[in-house]
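Each chain, letter by letter, is given below.
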Amino acid sequence: MTLLIPEKIKMDDSAIKTLETIYANYSAANDNIISALQEIQKAFGFVPEESVYWFADKSGVPMSKFYGILTFYAQFHLKPRGKNIITACCGTVCHVKGAHRVLFQLNEELSFPPGEDTTRDGLVTLEKVACLGACSIAPVVVVNDKVCGRITPDNMVKKIQKLRDKDK
Amino acid sequence: MSKEILIHVCMDTGGIAAGSLDVVDAFNAEFAKTDIPARIEKRCSLHKVGCRGFCARDVLVDITIKGEKTTYQYIKPDMVPRLVEEHIIGDTPVEEWMVDETYDDFYKLQKKVVLANNGKIDPENIDEYLDVGGYASITKALKEMTATEVIETVKASGLRGRGGAGFPTGLKWELCVKNKENPKYIICNADEGDPGAFMDRSVIEGNPHSLIEGMSIGAYAISSNVGYVYIRAEYPLAVERLAKALDQAREHGFLGKGIHGSDFDFEIKVKLGAGAFVCGEETALIASIEGERGMPRAKPPYPADKGLWGKPTIINNVETWANLPPIIKNGAEWYAAIGSENSKGTKVFALTGKIRNTGLIEVPMGIPLRDIIFDIGGGIEGGGLLKAVQTGGPSGGCIPQEHIDMRVDYDNLAKVGSMMGSGGMVVLDESDCMVNITRFFLEFTQAESCGKCTPCRIGTKRLLEILTRITEGEGKKGDIELLLDLANDVKDTSLCGLGMSAPNPVLSTIRYFRHEYEAHINHKRCPAKVCRKLLTFFVREDLCTGCGMCVRACPAGAVSGKKKKPHRIDTSACIKCGACYDVCKFKAVLKE
Amino acid sequence: MISLTINEKDIRMPEGATVLEAAQALEIEVPTLCHDPQLKPYGGCRLCIVEIKDFPRPVTACTTPATDGMEVTTESDRLYRLRRTIVELLLSDHPNDCMVCARAGDCTLQELAYFYKLRENRFIGERRHYDMTDKNPFIKREMEKCILCGKCVRVCDEIQGVNAIDIAYRGFNAKVCPPYEKDLDCEFCGQCIVVCPTGALSGVIWGGQGRQMDVKLTDTVCPYCGCGCNITLHSVRDKVIRVTSPKDSINQGWLCVKGRFGYEFINQKDRLQTPLIRRRKGGKLEPATWDEALNLVMSRFEKIKKEHGPDALAGLASARCTNEENYAFQKFFRAVIGTNNVDHCARY
């Protein structure tokens, strides 16, 4: 399988054009940099380091502040994410209904590199979220925006297999 | 314009997760079939409505023909053709799919104020909100009441903040108005981060205009022209519906310059949270709106004096704001008549966990906990025994079975060592380990600590470490006392509400379930058989059929045995993951 | 003015003062790690908690505005216990290697540990680990010793306006670092070192040079520019090992990279210590006495003035000189040489 993680987004013309639009909205609305970073993430799928330097330079907001914010809020990704996003709910109800077993199975099945949340082949990124508020069908995982309720370790494996098959 | 056949499909996150989108598609597909439209399309309308509460029975579908409503439960797309054929066309309800009598039990003791129109109106259509008297309260406030009268009404209603601490809403507004500095700001806290709570999400998904109206009333009362809704990005559907509702409100002149034909201006902006639980704390939330790291600052001064951009600011949560239209509409006395002495009105709870009827409920304050659990909730799922009810999320505590007859309001919850919180209510049964649950909450708060103040940053980490030690069988004599000491000190010295309340689960579970801690520490035993490191897995030979499921499930290769002969678990190789226990269909794997 | 009592002593304070300021005005010691009078209040370390009548729980003195009629207590068994727990927690995530720490004896955390008699620690657990070493020659960061008081971040923002660092991550993993955790890339003024209450920040060239107790202090003025910042030379056996600046000086204790770290020239072997004169054309520069050198300059000035007139001479003064020196310099050119050809490097 080929490496699916895209190369770092170079600051090519189209990227700069995207950033310029985001910057224009940011300065027009007198907005805060959190919203700007959210827009950057929406455009690139993550927040590339180069784009932050560009934005810091343009806006005059110190770079250190961007980094402080990027690492404070769980929503921001500093690295490219996998092709598929699996979000595991770690809420109270999911916990008492066995979410940790699903998580255990996920980790077994996907064997992430230590300290990483994206598989080596870039197929899956695993994210954890405090609560999706879908407690009535706990435990819950979200596979690429589709909420799947009453998940068991077994059908988690099946779902991963499906993602693998689709990728072939 | 109402048609004679109305179909309502529950379309909140819970409903969609249960497949309501497919159900809607199935209805549309059925209508699109060549011969059916001619017969029914003109008479029939399909409505996507918000959560009506009973999520356990999703997907719920109402079919109303000539005012006669029939509710169906557990509807799947493949059931739709028959519903259309027999009920809509044939006018004969499909009895076997209709809700049973227990469905009504769920609603009998509830009192819907905030959720009155949830599940009835299409949240994406402002006309439906207007049809049920929407925006009448703000018009009444603007035309018939002075700002002071609005505040007096809110004060007299006895409404207290629904976000956690329960500060009297009217009093907060009054303090804000006393500050002569301008401009003033209104903020709606929709950063509902408590795991196991989804009240705010349901209100916004089911009736976003009630929030807009509530905020407009508040803005008028304190003369603020700008409001913010700080909402979790993890709630995409709520964000989308709120944005739609705001657009519609603007089109109707309910937001912007001179709202509702008055000379009062009000605009609402939306800010998306970026994934930090601590931003539910008001000063952290303000920092986040200002584009900073969401780190709280010390109070006093309170936001009502120095809030957003250093200006007087009122922050209330979604449920509080949504309470305002009915209060203004029906008057303070009406509202104050609901509830208990110091807690007026109703409270929305997300009733979840080991309970039969999970879902969203709204009950009058002061209702006995027993009524919630056994009448509304239908008792424990699977017929187990109730152990405790956890309220207030990671900031709250556990109410043990012996307090089942307590009346649920702010003061009583505080008395038993828990708190209202934003309204999560997680029911725990005998198969839940209280030490493990406490560890879970501390793991959460520890990870969500902003790191600004010492006791929360290091203290919650140390609490978690001690709890982890205990659940892993390495508890030491004196650990309980150490937990109590540290928990009390963290509570007393932390900067913000997160740190102050993070030790609550520890304190409350030690108070009521000390024996479970002792079993873990002294006897290295988990009474609920949850803490894996304290368990041993083995196979009961008389029950094992030798099917081999456990062999395939075991990630450590610790299970062995010949086909159709009883298997064995090698305890030295077992990593205690519990996979064999989960897969065994014959209950032959035991844990002890 | 407002009046309040602290430990039953009356004090009047101007509107807007904090409880901590009121306590300090009464010379009541309240421990703190994150407070600095020149920075905005932070309220992070929680050590300055005090009890105030009618307040439901202890509050930090540094952030609480003093109000009329307030009754404050700064010492009680409960406060002692709470503060002790806080210091104990800080020490549970600290290397406690005071024996080899450059700041030993000059460390607030160490003092507090001593005061609260913290030998054992009830909370021993995981500690943060940083293996990153900076390559810059000025500021040494040992972030394991950091207690997240945030003073360095605030001084860099509020005083220096550089914003080279900020707090990144959160909770137990929070750390102070430059963007993307790279090497420090700033003005290296070292203001952050001054405010750091622990050994987390120090000067690279300070290491292993001598503990505070052996040091001789000499107050002087920084020679680098005309600002005239007050500095204090720390020397051990006639060798300058560190430069600090007193808080009550014209520069309020702040210095720049040159003033703070640029003192090594003093002990350099190739430093000029006498004037040099080239005695023969084409010859080498040779050491001379000041009298010899000044006489030579004087004779040349006279010669040029006599042969070509005073306007053939011009003087260019240095920004490193003080006002007084520059005044004397222009006076010399106008009154003694007789020319107005005098200027100053700061104009170019």
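What counts and what doesn't
Throughout, residues of each chain are indexed from 1 in the direction in which the sequence is written. The naming scheme follows written order: chains are lettered A onward, ligands numbered 1 onward. Reporting in this predicted model follows two pLDDT cut-offs: at least 70 for local features of residues, and 80 or more for side-chain atom pairs to be given and counted; totals over whole chains, interfaces and linings ignore these cut-offs and use all residues. The pairing criterion is simple: DSSP has to find at least two bridges between the two strands. Secondary structure counts use DSSP, requiring at least four H or I residues in a row for a helix and at least two E residues in a row for a strand, with both numbered from the N terminus. Axes here refer to lines fitted to C-alpha atoms; in helices the fit is confined to the stretch in contact. Angles between the N-to-C directions go from 0 to 180 degrees. What counts as a contact here is a pair of residues whose C-beta atoms, placed from the backbone, lie within 7 Å. By definition, a nonpolar core groups buried Ala, Val, Leu, Ile, Met, Phe, Trp, Tyr and Cys residues that connect through C-beta atoms lying within 7 Å of each other. For every residue, the other C-beta atoms within 10 Å of its own C-beta are counted; 20 or more classify it as buried, 12 or fewer as exposed, and values in between as partly exposed. C-beta atoms are placed from the backbone. Any residue that is not Ala, Val, Leu, Ile, Met, Phe, Trp, Tyr, Cys, Pro, Asp, Glu, Lys or Arg is counted as polar, Gly included; the first ten are nonpolar and the last four charged. Note: pLDDT gives the predictor's confidence per residue, expressed from 0 to 100.

S.K.: Any chance you could explain the sheet that holds strand β4 (residues 68–72) of chain B here in plain terms?
M.R.: In sheet architecture, strand pairing relies on hydrogen bonds along the backbone and comes in two forms, parallel and antiparallel. Residues and elements named next belong to chain B. If you trace the four strands from one edge of the open sheet to the other, you get β2-β1-β3-β4, paired in mixed fashion. Edge positions in the sheet fall to β2 (44–49) and β4, since each of these pairs with one other strand and no more. For this sheet, the mean angle separating the axes of adjacent strands, direction not counted, is 20°. Across five bridges, the pairing between strand β3 (residues 61–65) and β4 is antiparallel. Its bridge partner being in β4, Ile-63 is matched across the sheet by Thr-70. Sheet strands touched by helix α2 (residues 20–32): β1 (5–10), β2 and β3. Its angle to β1, the strand with the most contacts, is close to 155°.

S.K.: Please explain the nonpolar core as it appears in this structure.
M.R.: One recurring pattern in soluble globular proteins: nonpolar side chains tend to sit buried together. Grouped together as the largest cluster of nonpolar side chains are 281 residues, with contacts concentrated most on Ala-88 and Cys-89 of chain A, Ile-187 of chain B together with Val-50 and Cys-152 of chain C. Looking at this core element by element, the count peaks at eight residues for helix α11 (residues 208–222) of chain B. Excluding residues within four positions of it along the chain, Cys-152 of chain C makes contact with Ile-165, Val-176, Cys-192, Val-195, Cys-196 and Leu-201 of chain C. By size, the runner-up hydrophobic cluster in this structure holds 18 residues, among which are Val-539, Cys-550, Ala-558 and Cys-580 of chain B.

S.K.: Sorry if this is basic, but what is going on with the interface of chain A and chain B here?
M.R.: On the side of chain B, 43 residues touch chain A, which itself brings 31 residues to the contact. Elements supplying a minimum of two residues to the side of chain A that touches chain B: α2 (33–44), α4 (63–72), α5 (92–96) and α6 (99–110) of chain A. The element that contributes the greatest number of residues to the side of chain A that touches chain B is α5 of chain A, accounting for four residues. Residues of the side of chain A that touches chain B, tallied by class, amount to 19 nonpolar, ten polar and two charged.

S.K.: Got a minute to help me understand the environment of Leu-386 of chain B in this structure?
M.R.: Residue and element names in this part refer to chain B. Position of Leu-386 relative to the elements: it lies in strand β12 (residues 386–391). It is 32 Å that separates the C-alpha atoms of Leu-386 and Ser-20, two residues lying 366 residues apart in sequence. If sequence neighbours within four positions are ignored, Leu-386 has contacts with Ile-373, Ile-380, Gln-401, Val-427 and Asp-429.

S.K.: Help me out: how do you make sense of the sheet that holds strand β11 (residues 230–236) of chain C in this one?
M.R.: Residues and elements named next belong to chain C. Sheet architecture is open: three strands sit in the order β10-β11-β12, paired in antiparallel fashion. A strand with exactly one partner marks an edge of an open sheet, and here the two such strands are β10 (216–221) and β12 (239–244). Sheet twist, expressed as the average angle between the axes of neighbouring strands with direction ignored, equals 30°. Pairing of β11 with β12, which is carried by five bridges, proceeds in the antiparallel orientation. Counted as the bridge partner of Val-236 is Lys-239 from β12.

S.K.: Where do I start with the confidence of the model for chain C in this structure?
M.R.: Regions with low pLDDT carry predicted coordinates that are not meant to be interpreted in detail. Summing up the model confidence of chain C, the mean pLDDT is 93 and the portion of residues at 70 or higher is 100%. Among the prediction metrics, the complex's ipTM stands at 0.89, with pTM recorded as 0.91.

S.K.: For this particular structure, what's the right way to read helix α13 (residues 282–289) of chain B?
M.R.: In an α-helix, one turn spans 3.6 residues; hence positions three or four apart end up facing the same way. Taking burial as the measure, the eight residues of α13 of chain B include eight buried ones, the bulk of the element. Inspection of α13 of chain B places Glu-282, Thr-283, Ala-284, Leu-285, Ile-286, Ala-287, Ser-288 and Ile-289 of chain B among the buried residues, and these make up the whole buried set. Close packing links the buried residues of α13 of chain B with α2 of chain A together with β5 (185–190), β6 (226–231), β7 (267–272) and β8 (313–317) of chain B. The first or second residue beyond α13 of chain B is Gly-291 of chain B, which carries a positive phi of 90°.

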